[in-house]
Amino acid sequence: HGCRLPILIVPGFMSSALRVERSEEQPTWKGKRIWLSLDKLGFSAAVAAATRSRNRGPDPGGADESTGRRSAFRAAKATTNALMHNFDAEHPDPDEKDDGCPQAHEPLQVFRERCLRNSWVNHIMLKSPTEEMEGVRLKPIEGLEGINFLTESALTKPLTSVFSHVIEELKQVGYEEGVDLDAAPYDWRFAPSVLQARDRYFDHLRARVEALDRKGTGVVLLGHSMGNKTIMYFLRYMRANHGQNWLDAHVHTWLCAGGPHLGAPQAARCTLLGDRMGLDAFLNMQEGLIMAQSFSSSPWLLPIGAQASNLFYVRRQGALEIRGLEADLPGRWISSKNKVVVTLEVSWGNGDGTTSLRSSAASSFDGKNALYDADRNFFRFCGPAELPPCAVLVAIVKEVGMPKRRIPLCHLGARMCDCVRLAKEAARGRGGLGVPRACSVEKSVRELWAAGRPDKDGFVDARLPLKVDMVPSGLFQFGGSVRFQLRWRGAAEVQTSLLGLARPLAETRIGLEAPRVCHAKGSIVYDRLSLSEAGGADDSPHAPMQVWRKYYEGDPLYDETGSQDAPPVKRVVAVHGVNVPTEIFYALRLASIRVDATQRQPVFVLDGEAKICLAASNGLRMSGGIASEIPGAGHCSGDGVVPLYSMNHVRKWARDVESLRVEHLDKAGHREMLCDARFHKIILDVATSPPNVA
């Protein structure tokens, strides 16, 4: 087999296992793996709860009272609790803070699972682009152990394989860890310059290369996914600090697998809209968004070059904004000990659907008047570009928590009536936390907007009277109203104020290109939005585009243009998985949200109603607002994560390197290629070469 070249593996994003070096919050986690540990995500608590539920069987206390009042009461209670649990699961209450105590309606095992999950999130997310959370220090697990599997559990280990198959194949032909095979895991949450400043990662990587290159043949640098961006940064770092001679002497070949040289659109979607990193069973979208945007490494994978200008197509929309919410609730029989929330619902008319948003719990409620925190109750309803004349607004007041009755039959009656109210809400598509206690009359948004005098911010005072209602006990509920301020912003004003654009997109994009995205309703228009414009809507110091400008555009070792970026090595072998549907661009609409200054929220959401225009549909397919390149006659697609154009960028290096070899693996997915025998064969072919090639 000639000269067997040493191999150093550099893994991709989220492909290095992390352990806890220090934790003030969870001292018992010290020295243990946290990425990835499902036990620390509450997996054990969830399994234990499910096991106890299955083993508990029927309640023996009611076995002899199946026809009695107590059994009927328990049945009604169970039915109501089940309905409330389903509504709560689908629409969790954002006002339930983690104060270290279980919520009133929360079983102990669910509380334990939530605490574990929240603690895990606090360990993984970053406080700033350069800092971990207070009292937390994580480190990558060194060597091959850090890249073979992400978990240690026998149950989940096979599902979290990273380089285990590659390592096994190499060991079968005689490779030994620490002799001619090693890995360079890293903390994939940080930008490359932070990795060096914080961990001296690239200096340690240099030492690993020199230790493997005992025979002076040079080392094969094997990178996968973002690991190739890491290798490129390392090559430039070494050229700048140790010269080209060091690279010529110690780097034989760069073997690049699934390299996102021009970035990956999927990274932009995950960074701007949030991503749960495959942990959908454990994390909600809010947690996924916070984590994705806290990593200073996330912008490393953003598309660069010309493709960054054709990434998003945003629906042209106006916005109805509401603030200053208050509710007068005399004679509504709502317990002052319970929470009171208000759901505002806008019906746009003309087939444009209905949008509902729920307030936080009232910050003050004395049984009659409910006041709401202004910082947490700014509502933005995004709808048609111009305000429709038929748009109407309605308010629904809900009580969270069951009123206690001393007489069991009264308690039973109240719960049964609440079940009916919840069922009616579900039939109207108004699921959510709380039982409806009052509903306002419908009012025209245009009339409310025209009736008042705008203040300096453009808001007018508005009021929705509550309907007279009769409760099952025969008592009438009179009067009351929901008061607030509202304003309407047209599409042009939304784009300049909310998105921070200098001019409306309709003016800057005129005549530049044929539309790629359209809607079944011809009146709905989409404007092309570049990556920098989409990310510019968030101007906070740690927003993704702010991190990009500081830690990437401002880094002399990083080429953000993708134009003249050939690596300073002699040989490059690129292996691409191809002909797997791969995300390429997105259709977005503005998110209708209750703006909460205490939380990070996405400005956009995917527009599931968009479709690709017929003229631009060749080789593309759109579903749920995601346009993917698909294989077909005469054209290939990417590997399911990285588009083909990004991987194929290596072909532009042909004149700058001595040897360039590109291999395509048909139907091989981005991570699945690591288990592919065809890929293993290429590795052995590259690493086993005649003695005189060095």
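Below: a short report on this structure.

Of the regular secondary structure elements, the protein holds 19 helices and 35 strands. Looking at the protein as a whole, 53% of its 694 residues are labelled buried. For the protein, the accessible area works out to roughly 30600 Å², and carbon and sulfur atoms hold 52% of it.

What follows is about the pattern of salt bridges. A full pass over the atoms with the stated rule returns 35 salt bridges. The salt bridge involving Arg-137 is made with Glu-21; its shortest N-O contact spans 3.6 Å. Residue Arg-137 is found in strand β7 (residues 136–140), and its partner Glu-21 is found in strand β3 (residues 18–23); the two are separated by 116 residues along the sequence. Look at Arg-137 and you get partly exposed, because its relative accessible area is 21%. For Glu-21, a relative accessible area of 32% corresponds to the partly exposed category. The network of salt bridges with shared partners includes Glu-21, Glu-132, Arg-137, Lys-139, Asp-187, Arg-189, Arg-198 and Asp-199.

Turning our eyes to something else, we now look at helix α10 (residues 265–273). For α10, a buried count of 9 out of 9 residues is recorded, marking the element as mostly surrounded by other parts of the structure. Among the residues of α10, Pro-265, Gln-266, Ala-267, Ala-268, Arg-269, Cys-270, Thr-271, Leu-272 and Leu-273 are the ones counted as buried.

On to the sheet that holds strand β27 (residues 571–578). Strands sit in the order β8-β2-β9-β10-β27-β34 across an open sheet of 6 strands; the sheet is parallel. Strand pairing shows two members of the sheet lacking a second neighbour, β8 (181–183) and β34 (659–666), which therefore form its edges. Neighbour-to-neighbour, the strand axes of this sheet turn through a mean angle of 15 degrees, independent of strand direction. In this sheet, β27 lies alongside strand β10 (residues 251–257) in parallel orientation, the contact comprising 4 bridges.

On to helix α6 (residues 192–199). For α6, the tally of buried residues reaches 6 of 8 residues, placing the bulk of the element in the interior. The set of residues buried in α6 consists of Pro-192, Val-194, Leu-195, Gln-196, Arg-198 and Asp-199. Residues of α6 that are buried make contact with β6 (131–132), β7, α7 (201–212), α8 (226–242) and α17 (544–553). Downstream of α6 by a residue or two, Arg-200 has a phi angle that is positive, lying close to 50 degrees.

Its location among the elements puts Arg-380 in strand β17 (residues 378–383). Exposure remark for Arg-380: the relative accessible area of 13% places this residue in the buried category. At a separation of 3.2 Å, a polar atom in the side chain of Arg-380 contacts the side chain of Glu-321.

Attention now goes to the environment of Val-179. With respect to the secondary-structure elements, Val-179 resides in the loop between α5 (164–172) and β8. Here Val-179 falls in the partly exposed class, since its relative accessible area comes to 41%. Linking Val-179 and Asp-213, residues 34 residues apart in sequence, is a C-alpha distance of 9.2 Å. When sequence neighbours within four positions are dropped, the list of residues in contact with Val-179 reads Leu-212 and Arg-214.

Between α7 and α8, whose axes approach to 10 Å, the crossing angle comes to 85 degrees. Taken as axis vectors, α7 and α8 run roughly perpendicular relative to one another. Note on element contacts: α8 touches α7 through Thr-230, Tyr-233, Phe-234, Tyr-237, Met-238 and His-242, opposite Tyr-201, Phe-202, Asp-203, Leu-205, Arg-206 and Val-209. Among the residues forming the contact of α7 with α8, the class breakdown is 8 nonpolar, 2 polar and 2 charged.

With respect to burial, β17 is a largely interior element, 6 of its 6 residues being buried. Neither face of β17 is open: one carries Phe-378, Arg-380 and Cys-382, the other Phe-379, Phe-381 and Gly-383, and all of them are buried. Bridge analysis of strand β12 (residues 318–328) against β17 gives 5 bridges, and the strand direction is antiparallel. Residue Ala-319 lies in a different strand from β17, and its bridge partner there is Cys-382. In this sheet, strand β29 (residues 593–595) lies alongside β17 in antiparallel orientation, the contact comprising 3 bridges. Across the sheet, residue Phe-378 finds its bridge partner in β29, namely Val-595.

Before going further, it helps to spend a moment on the nonpolar core. Nonpolar side chains in soluble globular proteins tend to end up buried together. By size, the foremost hydrophobic cluster in this structure holds 124 residues, and its most contacted members are Ile-7, Trp-35, Trp-120, Phe-312 and Phe-679. If you tally residues by element for this core, the top one is α8, at 8 residues. In contact with Ile-7, other than residues within four places in its own chain, are Leu-170, Tyr-175, Asp-180, Leu-181, Asp-182, Leu-212, Val-219, Val-220, Leu-222, Ile-683 and Ala-687. If you look at the next biggest cluster of nonpolar residues, it comprises 34 residues, including Val-340, Ala-395, Val-445 and Leu-448.

Strand order in the open sheet made by the 3 strands is β4-β3-β7, with antiparallel pairing throughout. Either end of the sheet is taken by a strand with one partner, and the two such strands are β4 (33–35) and β7. Looking at each pair of strands side by side, their axes are set apart by 45 degrees on average, direction ignored. Both β3 and β7 contribute to a ladder of 5 bridges, which runs antiparallel. Bridge assignment links Arg-19 to a residue of β7, and that residue is Lys-139.

Once that is clear, we can look at the packing of aromatic side chains. The description of two aromatic rings rests on the distance between their centres and on the angle between their planes. For the coordinates displayed, the defined rule picks out 19 aromatic pairs. Seen in terms of ring centroids, Phe-234 and Trp-246 are 6.1 Å apart; in terms of plane orientation they differ by 85 degrees. Their pairing is edge-to-face. Remark: Trp-246 occurs in helix α9 (residues 244–250) and Phe-234 occurs in helix α8; sequence separation between them is 12 residues. An aromatic cluster is present here, built from Phe-13, Trp-35, Trp-120, Trp-188 and Phe-295 joined pairwise through their rings. Directly above the ring of Tyr-175 sits Arg-4, whose terminal nitrogen or CZ lies 4.9 Å from the centroid. Stacked on the ring of Phe-459, the Lys or Arg Arg-323 has its end atom at 3.9 Å from the ring centre.

In this section: the packing of α6 against α7. Put simply, α6 and α7 touch, their axes get as near as 6 Å, and they point 80 degrees apart. Taken together, α6 and α7 sit at an angle that is classed as roughly perpendicular. Across the interface between the two elements, Pro-192, Leu-195, Gln-196 and Asp-199 of α6 pack against Tyr-201, Phe-202, Asp-203 and His-204 of α7. Looking at the contact of α6 with α7 residue by residue, the class counts come to 4 nonpolar, 2 polar and 2 charged.

Reading the values: rules and limits
The residue numbers shown here count from 1 along each chain, following its written sequence. This being a predicted model, a pLDDT of at least 70 is required before a residue's local features are given, and a value of 80 or more before pairs of side-chain atoms are given or counted; all residues contribute to the totals for chains, interfaces and linings. Excluded from the side-chain calculation are hydrogens and water; included are all heavy atoms of the structure. Runs of E in the DSSP output that reach at least two residues are strands. Runs of H or I that reach at least four are helices, and both are numbered from the N terminus. A 1.4 Å probe rolled over the protein chains alone gives each residue an accessible area, and that area as a share of the maximum for its type sets the label: buried under 20%, exposed over 50%, partly exposed in between. For the accessible areas, the method is Shrake-Rupley and the probe is 1.4 Å, while residue cover comes only from the protein chains on display. For this analysis, a salt bridge means a side-chain nitrogen from Lys or Arg found within 4 Å of a carboxyl oxygen belonging to Asp or Glu. We call two strands paired when DSSP finds no fewer than two bridges between them. All axes are obtained by fitting lines to C-alpha atoms, using only the stretch in contact for helices, and the reported angles, taken between N-to-C directions, cover 0 to 180 degrees. For this analysis, residues touch if any pair of their heavy atoms sits within 4.5 Å. The term polar contact refers here to a pair of N or O atoms within 3.5 Å; inside protein, the definition further demands a hydrogen-donor-capable atom paired with an acceptor-capable atom, and it admits residues adjacent in sequence only when both atoms are side-chain atoms. If an angle is under 35 degrees, it is roughly parallel; if it is over 145, roughly antiparallel; if it lies from 65 to 115, roughly perpendicular; otherwise it is oblique. All amino acids are sorted into three groups, where Ala, Val, Leu, Ile, Met, Phe, Trp, Tyr, Cys and Pro are nonpolar, Asp, Glu, Lys and Arg are charged, and the leftover types, Gly among them, are polar. Among buried residues, the Ala, Val, Leu, Ile, Met, Phe, Trp, Tyr and Cys ones that are joined through side-chain atoms within 4.5 Å form a nonpolar core. The rule is short: rings of Phe, Tyr and Trp, with Trp giving its six-membered ring, pair when the centres are within 6.5 Å, and they are stacked under 30 degrees, edge-to-face over 60, tilted in between. Here, a charge over a ring is recorded when the distance from Lys NZ or Arg CZ to the ring centre is within 6 Å and its angle to the ring normal is within 35 degrees.

The values reported here are purely geometric and, on their own, carry no functional implication.
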